[in-house]
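Fold and contact review
Residues per chain are reported as follows:
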Amino acid sequence: MNLLDPQGPVAAANSTILVDSVFIMLAIVVPTIVAILAFAFWFRASNPRANFQPDFVYSGRVEMVVWAIPALTVILLGGVAWIGSHQLDPAAPVPGTGSPVRIQAVSLDWKWLFIYPDQRIATVNTLTVPAGAELNIQLTSSSVMNVFFIPQLGSMIYTMNGMVTKLNLRADNEGKLKGLSAHFSGDGFPDMMFDVNVISPLSFPDWVATTAKTDAVLNEESYKKLMQQGIEKGRPTYRLEDPRLFDLIATQHIPPGPGPQLASEAGRSQSGGQDAR
Amino acid sequence: MLGKLDWSAIPFDQPIPLIAGGVVLAGILAVLIWVVVKGHLPYLWHEWITSVDHKRIGVMYILLASVMLLRGGSDAIMMRIQQAIAYQSQGYLPPEHYNQIFSAHGTIMIFFVAMPFVIGLMNLVVPLQLGVRDVAFPTLNSVGFWLTATGALLVNLSLVIGEFARTGWLAFPPLSELSYSPGVGVDYYAWSLQISGVGTLVAGINLVTTVLKLRTKGMNYLRMPMFCWTTLASNLLIVAAFPILTATLAMLLLDRYLGFHFFTNEAGGNVMMFMNLIWAWGHPEVYILVLPAFGIYSEVVSTFSSKPLFGYRSMVLATMAICIISFMVWLHHFFTMGAGPDVNAIFGIASMIIAVPTGVKIYNWLFTMYGGRIRFATPMLWSVGFMVTFIIGGLTGVLVAVPPADFMLHNSMFLVAHFHNVIIGGVLFAAFAGFEYWFPKAFGFRLDERWGKVGFWFTFIGFWVTFMPLYVVGMLGMTRRMQHYDVAEWRPWMLVAAFGMLLLTIGVLAQITQVVVSVRNREALRDRTGDPWDGRSLEWATSSPPPVFNFAFYPDVRGEDAYWALKQHAQEQQLGDHSGPEYQDIEMPRNSPTGFVCAFFATVMGFALIWHIWWMVILGGVGAFATFVVFAWRDHDEYVIPAAEVERIDRINVEERRNLVSLAGTL
């Protein structure tokens, strides 16, 4: 999951900017640290060779330099930030080979649901994608906020109930990667890590075909079961009954997932039930 | 009768919080019994609890912060141990407990350690530096302190009665809404912060007014010590920002208590509004903490380099620039929420611009040392340690202000390392530097240097060993707040971080030892002159500890570094006494139990609100209000110290000082 070992163009660009920015700053940070230690050592009270200058309290030249150095650095980095923000806007498309794959990700309590509306399939806690293809990801949440993040593919993005965020990625090399939620979402949060299988574009249709033969069906009913709070250790797959399921979730036609169901909280059951409908 | 409160609120089945709470309770009881049996209660009541003396209130703030540092530090130790062992296992803390611990750690460290520590130092020092006898609103000052203590008490009460929030220290909805957090945890969090927030706000109003309106003769704005400037900037930010926090939490509470929909998923609630509001307070908050820290370093570096601060006006400008820009950068806390590239870039650049005045400050401290005669007493060690550490924190801070870099680092352990780097390396180091530096002023004796240095080196090295590994795991994709994990490459770094925590713990223990040793040797460490460090500003012009009225005569300030100039003048003239005006009667504010009583009722009200005990809410609310009304109706709020008494107290100090000056003259 090393950020400096990118497996796609977005992560590569992100980490290049990250490393470049660090080096730009190190160019002034290292000399400054050295100067601090050197001045502190040389001007120690016990050093008779140090020149005591109690009246050295202002110097126009020094002032100009100390304002100019950080200002110039920030101007340079500001340029990096401006250009980088535009080039790496998560909503901007990332061209790839072959036809783009549409993926709709839903963060549930506490698992990830990935819907492939065009392929009419869905998976939980595994994201399988063809190498080199443009990935158009739409995201929402069934309940609380989460952040979708595959470190080696780059840019993370929030998922929020009743809202859709957009992220475009591309995975260049076949292999297995890891993804996670990068925003705390409750007791099962650490178990929201998911597998990312990057497979060859040729075997992707086979994988789709195999998955489409799954007995389990994802529809409103089974989705409501899935969104109950809990941890999913397995990697279930589904046939997708209605390709508009994501829209129903995102537009809250399917109400948000319920929180913890505490029978003992007598005074709470009324409002709790109301929220869960 | 008791709302939601019943025996199930006490976690009999969870040994860790129960034992921890039990130990704390036993400790408090033991101290109380000792106080009562030894007959110290009247002394405590008259001299401390009801005191409106800014110095006493400052000391109590710092005491509160120190005790809470131990609580927050225990949480930190537990988290580091959990993450060190919870590889492919559940560790020793179940999620519901671990999640409370990191939420409490953040809340306590920011609101009940960092805030009271810096407010305590400001209270203690600023009126002395300004050459005045008290703050603008002495009784309000006491109210502010006791309300802060109320918040701390409520947070700790959650250890044994009920639970604390499991949502993180900013309680983001919708997780913090009733549907997803039905317990009392979030209510403890929100009411603690509402009550202590009122305390912080009145402290802010008080200190702003003090700096703006109460300065001794000749103390122009541009003659004020740097710490007074940063106090002004910090408290202006408090006054501007804390109402936002109060309003935001009020909205969250309305959602939770009365079924409103500000931040719920349903009925048009918007979680992004909470994000914006909480960070519109939260970002200025970090500058509320770090600006006074910069002030402390300015005082310390200048004093121990035996030089005036380099580029004073530049420093003032930088301080006020940070004060203003800090309100324009809050969005960088959520670049990854899907804002457009223009918005992200603008806020990213605005965030970087803050690094300019901050960098200028570093260079000005550097040039203050240049040509100095540096004495490496403990406060100076903390300051040099800060400069080296804080630059790295600044580097990583600017890095996460670059949106594309933040797209990879948001919420990661890298971020955790970054903000600990600036808050420990910036604020906590300053708190310790200020503690060592002003301790003789507050208590009349110095702290043991040897233990102080042991404490510094363990804390300094411990900090690097603990937090550098967190930068690394952040680069390895690890996100924050993980109760357990299965990624092998993270493990070794978590073990190193846990070892670093051990060093940090030894550092804290060394500092506790330092205080104990120093109290024992206080006669040998006694500061008779009131000026143990060869200081430059007016707090050193009076005795240690200062008399209740601070100064027998208002000092007459003729330039920067007022006391330094006074000393030079006295040496030239071979004069050390006041040949000028006669001693006069001094009027000082009377002590008042208003703050304590008010906070007592606020505690009752807060607790009742958390547990829905409505009759008790009314009782507490009416009680707190009545206390104010009684105070407002007072007839006498001042008492007179007769001139003869002022003269007697002042003569002693003048004698000591004359000895110092004549001694210096012979050298």
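A brief look at the structure comes next. (Residues numbered from 1 in each chain as written. Chains lettered and ligands numbered in written order. Predicted model: local features only at pLDDT ≥ 70, side-chain atom pairs only at ≥ 80, totals over all residues.)

Description of the sheet that holds strand 7 (residues 154–159) of chain A
All names here are of chain A.
- Overall, mixed pairing links the five strands, which are arranged 4-10-9-6-7 in an open sheet. Edge positions in the open sheet fall to strand 4 (126–130) and strand 7, since each of these has one partner strand only. Strand after strand, the sheet turns through a mean of 20° between neighbouring axes, direction not considered.
- Across four bridges, strand 6 (residues 146–150) lies against strand 7 in antiparallel orientation. Pairing of Phe148 across the sheet is with Ile157, part of strand 7. (Pairing = 2+ DSSP bridges. Helix = DSSP H or I, 4+ residues; strand = E, 2+ residues; numbered from the N terminus. Axes fitted to C-alpha atoms, helices over the stretch in contact; angles between N-to-C directions.)

Focus: the interface of chain B and chain A
- Taken residue by residue, the interface counts 75 residues in chain B and 83 residues in chain A.
- Only helix 4 (95–130), helix 10 (341–369), helix 11 (378–400) and helix 12 (403–409) of chain B provide two or more residues apiece to the side of chain B that touches chain A.
- At 17 residues, the largest contribution of residues to the side of chain B that touches chain A is made by helix 10 of chain B. (Contact = placed C-beta atoms within 7 Å.)

Quick word on the nonpolar core
Residue and element names in this part refer to chain B.
- Core analysis: the largest hydrophobic core is formed by 292 residues, its most contacted members being Ala114, Val118, Ala293 and Tyr297.
- In terms of residue count, the dominant contributor to this core is helix 4 (22 residues).
- Non-local contacts of Ala293, meaning those with residues more than four positions away in its chain, are made with Val118, Gly426, Val427 and Ala430. (Core = buried A, V, L, I, M, F, W, Y, C linked by C-beta atoms within 7 Å. Buried ≥ 20, exposed ≤ 12 C-beta atoms within 10 Å, placed from the backbone.)

Observations concerning the packing of helix 7 (residues 226–258) of chain B against helix 8 (residues 271–304) of chain B
All names here are of chain B.
- In the contact formed by helix 7 and helix 8, the axes pass within 8 Å of each other and the chain directions differ by 165°. Regarding the angle of helix 7 to helix 8, the classification is roughly antiparallel. Seen along the crossing, helix 7 lies across helix 8 with a hand that is left-handed.
- For the contact of helix 7 with helix 8, a count of residues per class yields 23 nonpolar, six polar and two charged. (Parallel < 35°, antiparallel > 145°, perpendicular 65-115°, else oblique. Left-handed = near helix turned anticlockwise from the far one by under 90°. Nonpolar A, V, L, I, M, F, W, Y, C, P; charged D, E, K, R; others polar.)

Observations regarding the pairing of strand 9 (residues 175–181) of chain A
All names here are of chain A.
- Looking at chain direction, strand 6 and strand 9 are connected through two bridges and run antiparallel. When the sheet's bridge partners are listed, Phe148 is paired in strand 9 with Ser181.
- In this sheet, strand 10 (residues 194–199) lies alongside strand 9 in antiparallel orientation, the contact comprising five bridges. When the bridges of strand 10 are listed, Lys176 appears paired with Asn197.

Some remarks on the environment of Ile101(B)
Residues and elements named next belong to chain B.
- Tracing the backbone shows Ile101 in helix 4.
- Given 22 C-beta atoms within 10 Å, Ile101 falls into the buried group.
- Between the C-alpha atoms of Ile101 and Tyr363, which are 262 residues apart in sequence, the distance is 39 Å.
- Among residues more than four places away in sequence, those in contact with Ile101 are Asp75, Met78, Met79 and Leu93.

Let's talk about unusual backbone geometry
Residues and elements named next belong to chain B.
- Here the bond from Pro173 into Pro174 is cis, since omega is 0°, no more than 30 degrees from zero.
- Looking at the element boundaries, Pro174 is found in the loop between helix 5 (138–157) and helix 6 (185–213).
- Cis geometry marks the peptide bond from Ser544 to Pro545; its omega dihedral reads -15°.
- Its location among the elements puts Pro545 in the loop between helix 16 (522–525) and helix 17 (562–573).
- For Asp534, which is not a glycine, the phi torsion comes out positive at approximately 60°.
- Looking at the secondary structure, you find Asp534 in the loop between helix 16 and helix 17.
- By C-beta crowding, Asp534 is classed as partly exposed, having 16 other C-beta atoms within 10 Å.

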